[in-house]
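# A structural walkthrough
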Amino acid sequence: MWVMTFAVLFVCTGNICRSPMAERLFQSRVSLDADVSVSSAGTGALEGWGIDHPSAVALRELGVAPEGHAGRRLTREIVEDSDLVLTAERAHRSAVVRMAQSTSWRTFTIREFGRLAEQVPLIAEIHDPDGLRNRVAEISAQRGVARANGGGAVDDIGDPFGGATDVARRAAAQISAAVDEAIRALGLPARVSLPAG
(Lines give C-alpha, C1' and ligand atoms only; values in the text may rest on other atoms or scores of the structure.)
Protein backbone atom coordinates (compact mmCIF):
# COMPACT_ATOMS: atom_id res chain seq x y z
CA MET A 1 0.00 0.00 0.00
CA TRP A 2 1.36 3.41 -1.01
CA VAL A 3 1.94 6.12 1.54
CA MET A 4 0.03 9.32 0.83
CA THR A 5 3.00 11.63 0.35
CA PHE A 6 5.24 11.25 -2.72
CA ALA A 7 8.77 10.74 -1.36
CA VAL A 8 11.84 11.86 -3.33
CA LEU A 9 15.29 10.69 -2.21
CA PHE A 10 18.61 12.09 -3.44
CA VAL A 11 21.73 9.92 -3.09
CA CYS A 12 25.46 10.56 -3.38
CA THR A 13 28.51 9.20 -1.54
CA GLY A 14 29.12 11.22 1.62
CA ASN A 15 25.74 13.01 1.83
CA ILE A 16 27.51 16.30 2.47
CA CYS A 17 27.82 17.77 -1.05
CA ARG A 18 25.74 16.70 -4.04
CA SER A 19 22.69 14.99 -2.53
CA PRO A 20 22.00 17.61 0.15
CA MET A 21 22.44 20.37 -2.44
CA ALA A 22 19.88 18.60 -4.63
CA GLU A 23 17.56 18.05 -1.66
CA ARG A 24 17.66 21.71 -0.61
CA LEU A 25 17.28 23.04 -4.17
CA PHE A 26 14.36 20.73 -4.91
CA GLN A 27 12.67 21.64 -1.64
CA SER A 28 13.09 25.35 -2.30
CA ARG A 29 11.62 25.19 -5.81
CA VAL A 30 8.57 22.94 -5.45
CA SER A 31 5.31 24.57 -4.43
CA LEU A 32 4.40 24.24 -0.77
CA ASP A 33 1.04 22.87 -1.96
CA ALA A 34 2.68 19.78 -3.48
CA ASP A 35 2.26 16.62 -1.40
CA VAL A 36 5.96 15.79 -1.64
CA SER A 37 8.65 14.97 0.91
CA VAL A 38 12.32 15.35 0.05
CA SER A 39 15.36 13.80 1.73
CA SER A 40 18.91 12.65 1.01
CA ALA A 41 21.39 9.98 2.07
CA GLY A 42 24.86 8.70 1.20
CA THR A 43 26.22 5.29 0.24
CA GLY A 44 29.28 6.02 2.40
CA ALA A 45 27.81 8.83 4.45
CA LEU A 46 29.76 11.04 6.81
CA GLU A 47 27.03 10.65 9.39
CA GLY A 48 26.10 13.76 11.32
CA TRP A 49 28.24 16.07 9.18
CA GLY A 50 26.85 19.29 7.78
CA ILE A 51 27.13 20.32 4.13
CA ASP A 52 30.82 20.84 3.36
CA HIS A 53 32.00 24.45 3.22
CA PRO A 54 32.50 24.92 -0.56
CA SER A 55 29.14 23.30 -1.29
CA ALA A 56 27.50 25.45 1.39
CA VAL A 57 28.93 28.57 -0.27
CA ALA A 58 27.65 27.44 -3.68
CA LEU A 59 24.21 26.68 -2.24
CA ARG A 60 23.99 30.10 -0.55
CA GLU A 61 24.88 31.75 -3.86
CA LEU A 62 21.85 30.00 -5.36
CA GLY A 63 19.69 31.52 -2.62
CA VAL A 64 19.29 28.41 -0.47
CA ALA A 65 20.35 28.02 3.17
CA PRO A 66 22.71 25.07 3.84
CA GLU A 67 22.37 25.06 7.64
CA GLY A 68 20.76 22.23 9.59
CA HIS A 69 21.82 19.29 7.42
CA ALA A 70 23.20 16.10 9.03
CA GLY A 71 24.69 13.41 6.82
CA ARG A 72 22.98 10.01 7.03
CA ARG A 73 23.79 6.58 5.67
CA LEU A 74 21.62 5.04 3.01
CA THR A 75 19.67 1.97 4.14
CA ARG A 76 17.34 -0.44 2.43
CA GLU A 77 14.43 0.94 4.44
CA ILE A 78 15.11 4.50 3.27
CA VAL A 79 15.22 3.31 -0.34
CA GLU A 80 12.06 1.22 -0.07
CA ASP A 81 10.17 4.13 1.51
CA SER A 82 10.97 6.36 -1.49
CA ASP A 83 8.83 6.77 -4.59
CA LEU A 84 11.65 8.27 -6.65
CA VAL A 85 15.38 7.88 -6.05
CA LEU A 86 17.68 10.31 -7.88
CA THR A 87 21.42 9.72 -7.62
CA ALA A 88 24.48 11.80 -8.46
CA GLU A 89 26.23 9.02 -10.40
CA ARG A 90 25.56 5.69 -12.08
CA ALA A 91 27.60 3.97 -9.34
CA HIS A 92 25.15 5.27 -6.74
CA ARG A 93 22.21 4.08 -8.82
CA SER A 94 23.78 0.62 -8.96
CA ALA A 95 24.33 0.64 -5.18
CA VAL A 96 20.68 1.55 -4.58
CA VAL A 97 19.44 -1.22 -6.87
CA ARG A 98 21.73 -3.80 -5.22
CA MET A 99 20.31 -2.73 -1.88
CA ALA A 100 16.66 -2.96 -2.96
CA GLN A 101 16.24 -4.55 -6.39
CA SER A 102 12.49 -4.00 -6.46
CA THR A 103 13.11 -0.24 -6.66
CA SER A 104 15.15 -0.41 -9.88
CA TRP A 105 12.30 0.99 -11.98
CA ARG A 106 12.11 4.13 -9.86
CA THR A 107 15.85 4.73 -9.41
CA PHE A 108 17.74 7.00 -11.82
CA THR A 109 20.67 9.34 -11.88
CA ILE A 110 19.23 12.82 -11.63
CA ARG A 111 20.45 13.71 -15.12
CA GLU A 112 19.18 10.44 -16.58
CA PHE A 113 15.71 11.17 -15.22
CA GLY A 114 15.55 14.51 -17.04
CA ARG A 115 16.96 12.99 -20.23
CA LEU A 116 14.44 10.15 -20.29
CA ALA A 117 11.61 12.56 -19.51
CA GLU A 118 12.36 14.44 -22.74
CA GLN A 119 10.86 11.44 -24.57
CA VAL A 120 7.42 11.78 -22.98
CA PRO A 121 5.00 14.68 -23.45
CA LEU A 122 5.01 17.47 -20.90
CA ILE A 123 2.01 17.38 -18.63
CA ALA A 124 -0.02 19.84 -16.60
CA GLU A 125 0.70 20.15 -12.93
CA ILE A 126 0.30 16.95 -10.92
CA HIS A 127 -0.56 17.36 -7.27
CA ASP A 128 -1.53 13.87 -6.15
CA PRO A 129 1.06 11.23 -5.15
CA ASP A 130 -0.47 8.44 -7.27
CA GLY A 131 -0.30 10.66 -10.36
CA LEU A 132 3.37 11.33 -9.61
CA ARG A 133 4.06 7.59 -9.23
CA ASN A 134 2.41 6.98 -12.60
CA ARG A 135 4.57 9.69 -14.11
CA VAL A 136 7.74 8.00 -12.78
CA ALA A 137 6.57 4.73 -14.37
CA GLU A 138 6.05 6.50 -17.73
CA ILE A 139 9.56 7.95 -17.60
CA SER A 140 11.05 4.63 -16.50
CA ALA A 141 9.50 2.98 -19.57
CA GLN A 142 11.83 5.09 -21.75
CA ARG A 143 14.87 3.09 -20.61
CA GLY A 144 16.30 1.21 -23.54
CA VAL A 145 14.47 3.57 -25.90
CA ALA A 146 16.21 6.90 -25.28
CA ARG A 147 19.97 6.96 -25.76
CA ALA A 148 22.53 9.17 -24.03
CA ASN A 149 24.59 11.25 -26.45
CA GLY A 150 28.21 10.86 -25.38
CA GLY A 151 27.57 7.68 -23.42
CA GLY A 152 26.36 7.05 -19.90
CA ALA A 153 28.98 9.33 -18.35
CA VAL A 154 26.81 12.32 -19.29
CA ASP A 155 24.41 11.14 -16.60
CA ASP A 156 26.99 11.59 -13.81
CA ILE A 157 27.65 14.69 -11.71
CA GLY A 158 31.22 14.66 -10.41
CA ASP A 159 32.04 14.77 -6.71
CA PRO A 160 33.20 18.22 -5.56
CA PHE A 161 34.36 16.94 -2.14
CA GLY A 162 37.88 18.12 -1.37
CA GLY A 163 37.85 20.59 -4.23
CA ALA A 164 37.87 24.39 -4.29
CA THR A 165 34.71 26.48 -4.19
CA ASP A 166 34.73 26.80 -8.00
CA VAL A 167 34.47 23.00 -8.26
CA ALA A 168 31.47 23.04 -5.89
CA ARG A 169 29.93 25.88 -7.92
CA ARG A 170 30.17 23.80 -11.12
CA ALA A 171 28.55 20.82 -9.40
CA ALA A 172 25.86 23.07 -7.91
CA ALA A 173 25.07 24.54 -11.33
CA GLN A 174 24.70 21.05 -12.82
CA ILE A 175 22.53 19.94 -9.90
CA SER A 176 20.43 23.09 -10.11
CA ALA A 177 19.69 22.49 -13.80
CA ALA A 178 18.95 18.80 -13.17
CA VAL A 179 16.60 19.62 -10.28
CA ASP A 180 14.67 22.01 -12.49
CA GLU A 181 14.41 19.28 -15.13
CA ALA A 182 13.17 16.76 -12.56
CA ILE A 183 10.49 19.14 -11.31
CA ARG A 184 9.40 19.86 -14.89
CA ALA A 185 9.47 16.14 -15.76
CA LEU A 186 7.25 15.25 -12.83
CA GLY A 187 4.80 18.02 -13.62
CA LEU A 188 5.14 19.38 -10.10
CA PRO A 189 3.93 22.92 -9.44
CA ALA A 190 6.93 25.20 -8.96
CA ARG A 191 7.16 27.68 -6.13
CA VAL A 192 7.12 31.33 -7.16
CA SER A 193 10.50 32.89 -6.45
CA LEU A 194 10.39 35.43 -3.67
CA PRO A 195 12.55 38.57 -3.72
CA ALA A 196 15.56 38.52 -1.43
CA GLY A 197 15.28 40.30 1.90
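### Regarding helix 5 (residues 110–117)
Judged by how many residues are buried, helix 5 sits mostly within the fold: seven of eight residues are covered. Taken residue by residue, helix 5 has I110, E112, F113, G114, R115, L116 and A117 as its buried positions. Looking at the packing, one finds that the buried side of helix 5 touches strand 1 (6–12), strand 3 (84–87), helix 4 (90–99), strand 4 (107–109), helix 6 (129–140) and helix 7 (165–186).

### Brief notes about the nonpolar core
The tendency in soluble globular proteins is for nonpolar side chains to be buried side by side. One finds F26, V36, L86, F113, L186 and L188 to be the most contacted residues of the largest nonpolar core, which totals 40 residues. Where this core is concerned, the elements lending two or more residues are strand 1, helix 1 (18–29), strand 2 (36–42), helix 2 (53–61), strand 3, helix 5, helix 6 and helix 7. Core analysis: the next-biggest nonpolar cluster, separate from the first, contains nine residues, L9, A41, L74 and V79 among them.

### Some thoughts on the environment of R191
Of note, R191 is situated in the segment after helix 7. Judged by its relative accessible area of 32%, R191 falls in the partly exposed class. Distance in space between the C-alpha atoms of R191 and S31 is 4.0 Å, their sequence separation being 160 residues. When neighbours within four sequence positions are excluded, R191 is seen to be in contact with Q27, S28, R29, V30, S31 and L32. There is a polar contact of 3.3 Å between the side chain of R191 and the backbone oxygen of V30.

### Comments concerning the side chain of S40
As for its placement among the helices and strands, S40 is situated in strand 2. A polar contact is formed between the side chain of S40 and the side chain of E23, at a distance of 2.6 Å. Leave out the neighbours within four places in its chain, and S40 touches L9, F10, N15, S19, P20, E23, H69 and R72.

### Quick word on the confidence of the model for the protein
Scored by pLDDT, the protein comes out at a mean of 91, with 92% of its residues at no less than 70. When the criterion is pLDDT under 50, residues 193–197 qualifies, and its contacts beyond four places in sequence or with other chains add up to zero contacts.

### Comments concerning the pairing of strand 3
Looking down a regular strand, the side chains alternate between one sheet face and the other. A two-sided burial pattern is seen for strand 3, the buried positions comprising L84 and L86 on one face and V85 and T87 on the other. Strand direction decides the pairing type here: strand 3 and strand 4, joined by three bridges, are parallel. Looking at the pairing, L86 lines up with F108 of strand 4. On the question of chirality, the crossover connecting strand 3 to the parallel strand 4 by way of helix 4 is right-handed.

Calculation notes
- Residues numbered from 1 in each chain as written.
- Predicted model: local features only at pLDDT ≥ 70, side-chain atom pairs only at ≥ 80, totals over all residues.
- Heavy atoms only, no water.
- Buried < 20%, exposed > 50% of the residue type's maximum accessible area, 1.4 Å probe, protein only.
- Helix = DSSP H or I, 4+ residues; strand = E, 2+ residues; numbered from the N terminus.
- Contact = heavy atoms within 4.5 Å.
- Core = buried A, V, L, I, M, F, W, Y, C linked by side-chain atoms within 4.5 Å.
- Polar contact = N/O pair within 3.5 Å; in protein donor to acceptor, adjacent residues only side chain to side chain.
- pLDDT = per-residue confidence, 0-100.
- Pairing = 2+ DSSP bridges.
- Right-handed = clockwise from strand over helix to strand, strands pointing away.

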